[in-house]
Every structure is written in C-alpha cells, then in structure tokens.
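# Examining the three-dimensional arrangement
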Amino acid sequence: MISLSLLLFQNGLPDLPVVLIEPHRNHGGIWRIKFSYETDQPLSMSAEQASSLATDLHQIGENELADEIDDAVRSATRYSSM
C-alpha cells in the first residue's frame, strides 16, 4: 500500500495540511483544482489528475481529503459546462 506522503509527492503536492481545495480558472480559461496551504504557495492540477488522485486517496482510506477533491472536481466540471 502506498503512503499518503508518497501519493502527494507523486502528484506534485507537499505533505502539508491543505487549507482549501477549490476549482479555479487559469489564464487560459481552463478549470483546474487549486490546493491552498497556510505556509506555502497554492498549487493546482488538472481536474483529471485531481480525480485520479481522489480515487487513489479513497483506496488508502484518506476519504475526507478525497471527498474534498471530488467536490472541487464536480464543481469545476459544472463550471466548465456553463
């Protein structure tokens, strides 16, 4: 089983507490998922990558974090269809 730290690292995220996970639109108009941290700059990834990360998080029992990501992905998908 993969650890949370390794899974976050593989997806380009630090192993820090996430303050906010939300959809955001980049300069090119593409909806992405932004991860905000108290002590670090926000990072973002595509909705597809975030969805895959959420699936992996569910598999290792990190359901709360996975659910937050799933919610942000659903919102980004809805916004992009408007």
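Please read these numbers as outputs of a predicted model, since none were measured by experiment. (Residues numbered from 1 in each chain as written. Predicted model: local features only at pLDDT ≥ 70, side-chain atom pairs only at ≥ 80, totals over all residues. Heavy atoms only, no water.)

## Concerning helix α2 (residues 47-59)
Selection criterion: Only DSSP runs of H or I reaching four residues or more are called helices, and only runs of E reaching two or more are called strands; each is numbered from the N terminus. Expected span of a helix: the number of residues minus one, times 1.5 Å. Burial classes follow relative accessibility: with a 1.4 Å probe on protein chains only, a residue under 20% of its type's maximum area counts as buried, one over 50% as exposed, and anything between as partly exposed. Working definition: the arc comes from the directions between the helix axis and the C-beta atoms, pointing outward to the latter. Note on definitions: a residue-residue contact is assigned when non-hydrogen atoms from the two residues lie within 4.5 Å.
Over its 13 residues, α2 extends 18 Å from the first C-alpha to the last, a length consistent with the 18 Å expected when each residue adds 1.5 Å. For α2, every residue scored as buried is listed here: A47, A50, L53, A54 and L57. Down the axis of α2, the buried side of the element spans an arc of 115 degrees, and every buried residue falls inside it. Every exposed residue of α2 that faces more than 90 degrees away from the buried side is listed here: E48 and Q59. The inward-facing, buried residues of α2 contact α1 (4-10), β2 (31-37), β3 (43-46) and α3 (63-80).

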